[in-house]
Amino acid sequence: MPKIRVAILGASGIGKFHAREFVKAGAEVVAILGASQESALQTSQTLREKFKVEARPYSNLDDLLKNEEVDAVSVCTPSSFHFENSIECLNSGVNVFSEKPVVQNSDFDNAKFAKELIEVAKNKGLIFTVNTQWPAIIPYLNPYVDLNDVSTFSMLMQPRDFGKDILLDQVPHMNSVLLHLIPNGEIENISFKNPSKGDIEVFFDFVDKEKICKVNYKFKYKESGTRDWSIEINGHSFNRVVDDNYNQSLVSSNEQIQIPDPLSISIQKFVGALSKSDEVLISSREIIRNIEIQDIIVKKYLK
(Lines give C-alpha, C1' and ligand atoms only; values in the text may rest on other atoms or scores of the structure.)
Protein backbone atom coordinates (compact mmCIF):
# COMPACT_ATOMS: atom_id res chain seq x y z
CA MET A 1 0.00 0.00 0.00
CA PRO A 2 1.42 3.45 -0.91
CA LYS A 3 2.29 5.73 1.96
CA ILE A 4 -0.21 8.40 2.94
CA ARG A 5 1.05 11.77 1.71
CA VAL A 6 0.74 14.66 4.17
CA ALA A 7 1.38 18.41 4.07
CA ILE A 8 1.99 20.39 7.25
CA LEU A 9 0.45 23.86 7.19
CA GLY A 10 2.56 25.89 9.61
CA ALA A 11 5.55 23.70 10.47
CA SER A 12 7.82 26.03 12.42
CA GLY A 13 6.14 25.61 15.82
CA ILE A 14 4.04 22.62 16.93
CA GLY A 15 3.86 21.66 13.25
CA LYS A 16 7.42 20.34 13.22
CA PHE A 17 6.42 17.80 15.87
CA HIS A 18 3.38 16.88 13.79
CA ALA A 19 5.79 16.19 10.91
CA ARG A 20 7.91 13.97 13.14
CA GLU A 21 4.89 12.01 14.39
CA PHE A 22 3.36 11.56 10.93
CA VAL A 23 6.62 9.99 9.78
CA LYS A 24 6.63 7.72 12.84
CA ALA A 25 3.06 6.71 11.97
CA GLY A 26 4.19 5.56 8.52
CA ALA A 27 3.07 8.57 6.48
CA GLU A 28 5.21 10.66 4.14
CA VAL A 29 5.45 14.41 4.76
CA VAL A 30 5.83 15.81 1.25
CA ALA A 31 5.23 19.55 1.70
CA ILE A 32 4.98 22.36 4.23
CA LEU A 33 3.34 25.78 4.19
CA GLY A 34 5.04 28.80 5.72
CA ALA A 35 4.05 32.43 6.17
CA SER A 36 6.65 33.41 3.56
CA GLN A 37 8.86 31.56 1.11
CA GLU A 38 11.88 32.46 3.22
CA SER A 39 10.39 31.05 6.42
CA ALA A 40 9.15 27.95 4.56
CA LEU A 41 12.66 27.30 3.21
CA GLN A 42 14.15 27.72 6.67
CA THR A 43 11.61 25.36 8.22
CA SER A 44 12.13 22.74 5.51
CA GLN A 45 15.85 22.82 6.29
CA THR A 46 15.14 22.40 10.01
CA LEU A 47 12.90 19.39 9.32
CA ARG A 48 15.58 17.87 7.12
CA GLU A 49 18.29 18.31 9.74
CA LYS A 50 16.28 17.34 12.84
CA PHE A 51 13.91 14.66 11.56
CA LYS A 52 15.24 13.70 8.09
CA VAL A 53 11.97 14.93 6.56
CA GLU A 54 12.24 16.05 2.92
CA ALA A 55 9.32 18.43 2.43
CA ARG A 56 8.89 20.94 -0.37
CA PRO A 57 8.32 24.49 0.94
CA TYR A 58 5.36 26.66 -0.06
CA SER A 59 4.07 30.06 1.05
CA ASN A 60 0.73 29.83 -0.77
CA LEU A 61 -1.85 27.18 0.04
CA ASP A 62 -3.42 27.29 -3.43
CA ASP A 63 -0.05 26.47 -4.98
CA LEU A 64 0.55 23.64 -2.54
CA LEU A 65 -2.81 22.02 -3.24
CA LYS A 66 -2.40 22.51 -6.99
CA ASN A 67 1.12 21.08 -7.24
CA GLU A 68 1.12 18.33 -4.61
CA GLU A 69 -0.94 15.14 -4.52
CA VAL A 70 -1.65 15.04 -0.81
CA ASP A 71 -4.06 12.77 1.03
CA ALA A 72 -4.19 14.92 4.15
CA VAL A 73 -3.03 18.15 5.73
CA SER A 74 -2.16 18.95 9.30
CA VAL A 75 -3.35 22.47 10.11
CA CYS A 76 -0.89 24.10 12.53
CA THR A 77 -1.24 27.69 11.39
CA PRO A 78 -2.33 30.45 13.82
CA SER A 79 -5.79 29.77 15.25
CA SER A 80 -7.50 32.53 13.29
CA PHE A 81 -6.56 30.72 10.05
CA HIS A 82 -7.78 27.25 11.06
CA PHE A 83 -11.25 27.54 9.55
CA GLU A 84 -10.22 29.03 6.21
CA ASN A 85 -7.31 26.60 5.81
CA SER A 86 -9.47 23.61 6.71
CA ILE A 87 -12.42 24.54 4.50
CA GLU A 88 -10.15 25.15 1.50
CA CYS A 89 -8.47 21.77 1.92
CA LEU A 90 -11.75 19.93 2.42
CA ASN A 91 -13.23 21.57 -0.66
CA SER A 92 -10.13 20.40 -2.56
CA GLY A 93 -10.81 16.80 -1.51
CA VAL A 94 -8.11 16.62 1.18
CA ASN A 95 -8.56 15.09 4.65
CA VAL A 96 -7.81 17.42 7.57
CA PHE A 97 -6.14 16.98 10.96
CA SER A 98 -6.37 20.35 12.75
CA GLU A 99 -4.67 21.73 15.82
CA LYS A 100 -6.97 23.18 18.46
CA PRO A 101 -8.93 25.35 18.66
CA VAL A 102 -10.56 23.88 15.59
CA VAL A 103 -12.20 27.25 14.85
CA GLN A 104 -11.48 30.70 16.21
CA ASN A 105 -13.55 32.96 13.98
CA SER A 106 -15.07 34.82 16.92
CA ASP A 107 -14.92 34.89 20.71
CA PHE A 108 -18.02 32.80 21.43
CA ASP A 109 -19.87 32.00 18.21
CA ASN A 110 -17.69 29.29 16.70
CA ALA A 111 -19.92 26.21 16.85
CA LYS A 112 -21.67 27.04 13.57
CA PHE A 113 -18.32 27.14 11.76
CA ALA A 114 -17.29 23.80 13.25
CA LYS A 115 -20.58 22.29 12.07
CA GLU A 116 -19.90 23.62 8.57
CA LEU A 117 -16.50 21.89 8.49
CA ILE A 118 -18.02 18.63 9.70
CA GLU A 119 -20.80 18.85 7.09
CA VAL A 120 -18.41 19.55 4.20
CA ALA A 121 -16.18 16.64 5.23
CA LYS A 122 -19.18 14.31 5.52
CA ASN A 123 -20.56 15.30 2.11
CA LYS A 124 -17.21 14.72 0.46
CA GLY A 125 -16.48 11.44 2.26
CA LEU A 126 -13.44 12.93 4.00
CA ILE A 127 -12.04 12.76 7.52
CA PHE A 128 -11.92 15.93 9.59
CA THR A 129 -10.69 15.80 13.17
CA VAL A 130 -8.89 17.90 15.77
CA ASN A 131 -5.80 17.32 17.87
CA THR A 132 -7.18 17.51 21.38
CA GLN A 133 -4.98 14.58 22.28
CA TRP A 134 -5.37 14.15 26.05
CA PRO A 135 -8.19 11.55 25.91
CA ALA A 136 -5.42 9.17 24.78
CA ILE A 137 -4.34 8.84 28.42
CA ILE A 138 -7.79 7.87 29.76
CA PRO A 139 -7.25 4.07 29.40
CA TYR A 140 -4.21 4.38 31.67
CA LEU A 141 -6.39 5.75 34.49
CA ASN A 142 -8.82 2.82 34.50
CA PRO A 143 -7.03 0.70 37.14
CA TYR A 144 -6.94 3.61 39.61
CA VAL A 145 -10.32 5.34 39.49
CA ASP A 146 -13.91 4.45 38.57
CA LEU A 147 -14.40 6.21 35.24
CA ASN A 148 -18.02 5.05 35.00
CA ASP A 149 -19.09 7.26 37.91
CA VAL A 150 -17.26 10.59 37.76
CA SER A 151 -18.53 13.03 40.39
CA THR A 152 -15.60 15.48 40.44
CA PHE A 153 -13.22 16.43 37.62
CA SER A 154 -10.35 18.88 37.74
CA MET A 155 -7.59 19.59 35.23
CA LEU A 156 -4.56 21.90 35.44
CA MET A 157 -2.64 23.37 32.52
CA GLN A 158 0.05 26.07 32.29
CA PRO A 159 -0.56 28.28 29.25
CA ARG A 160 1.54 31.16 27.99
CA ASP A 161 -1.51 33.40 27.56
CA PHE A 162 -3.68 35.69 29.65
CA GLY A 163 -7.40 36.20 30.12
CA LYS A 164 -9.70 35.28 27.26
CA ASP A 165 -6.80 33.86 25.19
CA ILE A 166 -6.22 31.21 27.86
CA LEU A 167 -9.79 29.97 27.47
CA LEU A 168 -9.75 29.99 23.66
CA ASP A 169 -6.49 28.05 23.51
CA GLN A 170 -6.67 25.64 26.44
CA VAL A 171 -10.34 24.90 27.21
CA PRO A 172 -10.63 22.59 24.16
CA HIS A 173 -8.11 20.18 25.76
CA MET A 174 -10.04 20.05 29.02
CA ASN A 175 -13.45 19.76 27.36
CA SER A 176 -12.14 16.87 25.28
CA VAL A 177 -11.21 14.77 28.32
CA LEU A 178 -14.44 15.67 30.11
CA LEU A 179 -16.54 14.66 27.09
CA HIS A 180 -14.77 11.30 26.85
CA LEU A 181 -15.71 10.66 30.48
CA ILE A 182 -19.26 12.11 30.35
CA PRO A 183 -20.33 12.21 26.69
CA ASN A 184 -23.88 13.50 27.27
CA GLY A 185 -23.27 16.16 29.92
CA GLU A 186 -24.65 19.69 29.78
CA ILE A 187 -22.91 22.70 31.33
CA GLU A 188 -24.60 24.70 34.12
CA ASN A 189 -23.73 27.21 36.87
CA ILE A 190 -20.46 28.66 35.51
CA SER A 191 -18.27 30.83 37.74
CA PHE A 192 -14.69 32.11 37.67
CA LYS A 193 -11.84 32.86 40.06
CA ASN A 194 -9.23 35.53 39.17
CA PRO A 195 -10.93 36.15 35.81
CA SER A 196 -8.71 39.10 34.83
CA LYS A 197 -5.33 37.51 35.65
CA GLY A 198 -3.00 34.89 34.22
CA ASP A 199 -4.11 32.34 36.82
CA ILE A 200 -7.78 31.64 36.07
CA GLU A 201 -10.07 28.96 37.47
CA VAL A 202 -13.37 27.96 35.90
CA PHE A 203 -16.06 26.16 37.91
CA PHE A 204 -19.25 24.57 36.60
CA ASP A 205 -21.62 21.65 36.96
CA PHE A 206 -21.66 19.07 34.18
CA VAL A 207 -25.07 17.44 34.34
CA ASP A 208 -26.03 14.12 32.74
CA LYS A 209 -29.66 13.27 33.57
CA GLU A 210 -29.77 13.48 37.38
CA LYS A 211 -26.03 13.02 37.95
CA ILE A 212 -23.90 16.10 38.56
CA CYS A 213 -20.13 16.25 38.09
CA LYS A 214 -18.40 19.19 39.79
CA VAL A 215 -15.80 20.55 37.35
CA ASN A 216 -12.81 22.82 37.97
CA TYR A 217 -10.50 23.96 35.15
CA LYS A 218 -7.26 25.50 36.45
CA PHE A 219 -4.88 27.69 34.43
CA LYS A 220 -1.57 28.94 35.81
CA TYR A 221 0.47 31.18 33.54
CA LYS A 222 4.02 30.01 32.78
CA GLU A 223 6.24 31.94 30.41
CA SER A 224 8.70 29.20 29.43
CA GLY A 225 9.94 25.69 30.14
CA THR A 226 8.08 22.40 30.51
CA ARG A 227 4.52 23.10 31.52
CA ASP A 228 2.81 21.19 34.30
CA TRP A 229 -0.26 19.11 33.56
CA SER A 230 -2.42 17.25 36.04
CA ILE A 231 -5.84 15.72 36.26
CA GLU A 232 -7.97 14.83 39.27
CA ILE A 233 -10.99 12.52 39.10
CA ASN A 234 -13.09 11.73 42.19
CA GLY A 235 -10.26 13.10 44.36
CA HIS A 236 -7.61 10.89 42.75
CA SER A 237 -4.75 12.97 41.29
CA PHE A 238 -2.46 12.18 38.35
CA ASN A 239 0.49 14.49 37.66
CA ARG A 240 2.40 14.33 34.39
CA VAL A 241 6.18 13.96 34.52
CA VAL A 242 8.38 14.44 31.43
CA ASP A 243 12.02 13.31 31.41
CA ASP A 244 14.91 14.74 29.38
CA ASN A 245 14.03 12.44 26.44
CA TYR A 246 10.36 13.53 26.55
CA ASN A 247 9.26 10.15 27.88
CA GLN A 248 6.04 10.74 29.80
CA SER A 249 4.47 9.23 32.88
CA LEU A 250 1.73 9.97 35.37
CA VAL A 251 2.54 10.01 39.08
CA SER A 252 -0.28 8.99 41.39
CA SER A 253 0.04 8.06 45.07
CA ASN A 254 3.79 7.56 44.62
CA GLU A 255 3.19 5.18 41.72
CA GLN A 256 4.60 6.05 38.29
CA ILE A 257 2.45 5.07 35.30
CA GLN A 258 4.20 5.06 31.93
CA ILE A 259 2.12 6.62 29.14
CA PRO A 260 2.77 7.18 25.43
CA ASP A 261 3.00 10.68 23.98
CA PRO A 262 -0.68 11.65 23.46
CA LEU A 263 0.23 13.60 20.29
CA SER A 264 1.75 10.43 18.85
CA ILE A 265 -1.43 8.45 19.59
CA SER A 266 -3.66 11.14 18.10
CA ILE A 267 -1.71 11.21 14.84
CA GLN A 268 -1.35 7.42 14.66
CA LYS A 269 -5.13 7.04 14.93
CA PHE A 270 -5.71 9.67 12.22
CA VAL A 271 -3.31 7.89 9.86
CA GLY A 272 -5.00 4.59 10.75
CA ALA A 273 -8.41 6.09 9.96
CA LEU A 274 -7.15 7.22 6.55
CA SER A 275 -6.12 3.63 5.78
CA LYS A 276 -9.38 2.34 7.34
CA SER A 277 -7.53 0.33 10.00
CA ASP A 278 -8.49 2.56 12.96
CA GLU A 279 -10.77 5.38 14.07
CA VAL A 280 -9.84 8.96 14.88
CA LEU A 281 -9.36 9.82 18.54
CA ILE A 282 -11.86 12.69 18.42
CA SER A 283 -15.22 12.13 16.70
CA SER A 284 -17.27 14.71 14.81
CA ARG A 285 -19.83 14.79 17.61
CA GLU A 286 -17.10 15.52 20.17
CA ILE A 287 -15.69 18.33 18.04
CA ILE A 288 -19.06 20.09 17.92
CA ARG A 289 -19.93 19.51 21.61
CA ASN A 290 -16.47 20.69 22.65
CA ILE A 291 -16.75 23.99 20.83
CA GLU A 292 -20.34 24.52 21.97
CA ILE A 293 -19.15 24.23 25.59
CA GLN A 294 -16.18 26.50 24.88
CA ASP A 295 -18.49 29.14 23.38
CA ILE A 296 -20.67 29.04 26.53
CA ILE A 297 -17.68 29.40 28.87
CA VAL A 298 -16.06 32.26 26.94
CA LYS A 299 -19.35 34.13 26.53
CA LYS A 300 -19.94 33.91 30.31
CA TYR A 301 -16.36 35.01 30.98
CA LEU A 302 -16.66 38.11 28.77
CA LYS A 303 -19.83 39.16 30.59
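We now turn to the structure provided with this report. (Residues numbered from 1 in each chain as written. Predicted model: local features only at pLDDT ≥ 70, side-chain atom pairs only at ≥ 80, totals over all residues. Heavy atoms only, no water.)

## A few points about the sheet that holds strand β6 (residues 128-130)
For clarity, the cut-off: Note on pairing: DSSP must find at least two bridges between two strands before they are called paired. The numbering of helices and of strands both runs from the N terminus, where a helix is a DSSP run of H or I of at least 4 residues and a strand a run of E of at least 2. Only the stretch in contact is used when fitting a helix axis, every axis being a line fitted to C-alpha atoms; angles between N-to-C directions are given from 0 to 180 degrees. Note on contacts: a residue pair qualifies if any of its non-hydrogen atoms lie within 4.5 Å across the two residues.
In space, the six strands of this open sheet follow the order β3-β2-β1-β4-β5-β6, with parallel pairing throughout. The sheet is open, and its two edges are formed by β3 (56-58) and β6, each paired on a single side. Here the average twist between neighbouring strands, direction ignored, is 20 degrees. Note that strand β4 (residues 72-75) and strand β5 (residues 95-98) share four bridges and pair parallel. Bridge pairing in β5 places V75 opposite S98. Sheet contacts for helix α1 (residues 14-24): β1 (5-9), β2 (28-33), β4 and β5; angle to β1, the most-contacted strand, approximately 170 degrees.

## Side note on the nonpolar core
Selection criterion: Take the buried Ala, Val, Leu, Ile, Met, Phe, Trp, Tyr and Cys residues and link them wherever side-chain atoms come within 4.5 Å; each set so joined is a nonpolar core. When a residue's accessible area, from a 1.4 Å probe over protein chains only, is under 20% of the maximum for its type it is buried; when over 50% it is exposed; and in between it is partly exposed.
Core analysis: the largest hydrophobic core is formed by 41 residues, its most contacted members being F153, F204, F206, Y217 and I297. Among the elements that make up this core, the one with the highest residue count is helix α6 (residues 163-181) (nine residues). If we skip the residues at most four places from it in the chain, I297 touches L167, V171, N175, I187, I190, F192, V202, F204 and Y217. In terms of nonpolar packing, the next biggest core, distinct from the first, is built from 35 residues, A7, V30, L61 and L65 among them.

## Overview of helix α7 (residues 262-274)
Worth spelling out the cut-off: Between the first and last residue of a helix there are one fewer steps than residues, each counted as 1.5 Å, and that sum is the expected span.
Taking 1.5 Å per residue, 13 residues should reach 18 Å; α7 reaches 19 Å between its end C-alpha atoms and fits that length. Taken across its 13 residues, α7 has 10 buried, putting it largely inside the fold. Of the positions making up α7, those classed as buried are P262, L263, S264, S266, I267, F270, V271, G272, A273 and L274. Those residues of α7 hidden inside the fold are in contact with α1, β4, β5, β6 and β13 (248-252). Positioned one or two residues after α7, K276 has a phi angle of 65 degrees, which is positive.

## Some words on the packing of aromatic side chains
Two aromatic rings, taken as a pair, are described by how far apart their centres are and by the angle between their planes. This is how it is decided: Any two of the Phe, Tyr and Trp rings considered here, Trp counted by its six-membered ring, make a pair once their centres fall within 6.5 Å; the pair's planes then place it as stacked at under 30 degrees, edge-to-face at over 60, or tilted in between.
Enumeration according to the criterion identifies 11 aromatic pairs in this entry. Relative to F270, the ring of F22 lies with its centre 6.1 Å away and its plane at 85 degrees, an arrangement referred to as edge-to-face. Of this pair, F22 sits in helix α1 while F270 is found in helix α7, placing the two residues 248 residues apart along the sequence. For the pair shown, F22 and F270 are each scored as buried. With a centroid separation of 5.1 Å and 45 degrees between ring planes, the pair formed by F97 and F270 is classed as tilted.

## Some points on the pattern of salt bridges
Short version of the rule: Within this document, salt bridges are pairs made up of a side-chain nitrogen of Lys or Arg and a carboxyl oxygen of Asp or Glu, the two lying within 4 Å of each other.
Considering all chains together, one arrives at 16 salt bridges under this definition. Residues K24 and E21 are paired through a salt bridge, measuring 3.6 Å at the closest nitrogen-oxygen approach. In this pair, K24 and E21 are both assigned in helix α1, three residues apart and thus about one turn of the helix distant. Three or more residues joined by partner-sharing salt bridges are found here, namely R20, E21, K24 and D261.

## Some points on α1
One turn of an α-helix holds 3.6 residues; hence residues three or four places apart share an orientation. Among the residues making up α1, those that are buried are G15, K16, H18, A19, E21 and F22. Its buried side turned inward, α1 meets β1, β2, α2 (37-51), β4, β5 and α7.

## Here's the deal with the pairing of strand β10 (residues 211-219)
Residues in a regular strand project their side chains so that they alternate between the two faces of the sheet. Looking at chain direction, strand β7 (residues 152-157) and β10 are connected through six bridges and run parallel. Bridge pairing in β10 links S154 to N216. Between strand β9 (residues 200-208) and the antiparallel strand that follows it, β10, lie two residues; K209 among them carries a positive phi value of about 60 degrees.

## A short note on the layout of surface pockets
Applicable threshold: Here a cavity is any set of points on a 1 Å grid over the protein atoms alone where a 1.4 Å probe fits but cannot get out, and a pocket is any open set with protein on both sides within 12 Å along at least 5 of 7 lines; a residue lines the site when it has an atom within 4 Å of a point. Grid points are joined across faces, edges and corners, and a volume is the space filled by probe spheres set on the points. Amino acids outside the nonpolar list (Ala, Val, Leu, Ile, Met, Phe, Trp, Tyr, Cys, Pro) and the charged list (Asp, Glu, Lys, Arg) are all regarded as polar, and Gly is one of them.
Its volume calculated, the largest pocket comes out at about 910 Å³. Lining the largest pocket are 33 residues; nearest its centre among them are I14, Q133, H173, R227 and Y246. Only α1, α6, β12 (236-242) and α7 provide two or more residues apiece to the lining of the largest pocket. In the lining of the largest pocket, the residues fall into 12 nonpolar, 11 polar and 10 charged. Approximately 380 Å³ is the volume found for the second largest pocket. L33, G34, A35, T77 and P78 are, among the 19 residues lining the second largest pocket, the residues nearest its centre. Counting residues per element, the ones that place at least two in the lining of the second largest pocket are β2, α2 and α4 (82-91). Ranked by residue count, the leading element in the lining of the second largest pocket is α2, at three residues.

## Considering the pairing of β1
Condition: Note on handedness: a clockwise path from strand one over the helix to strand two, with the strands aimed away from the viewer, defines a right-handed crossover.
Where burial is concerned, most of β1 is hidden: four out of the five residues are buried. Both β1 and β2 contribute to a ladder of five bridges, which runs parallel. Residue V6 lies in a different strand from β2, and its bridge partner there is V29. In this region the chain leaves β1, passes through α1 and returns to the parallel neighbour β2; the handedness of that crossover is right-handed. By the bridge criterion, four bridges tie β1 to β4 in an arrangement that is parallel. Each bridged residue has a counterpart across the sheet, and for I8 the counterpart in β4 is S74.

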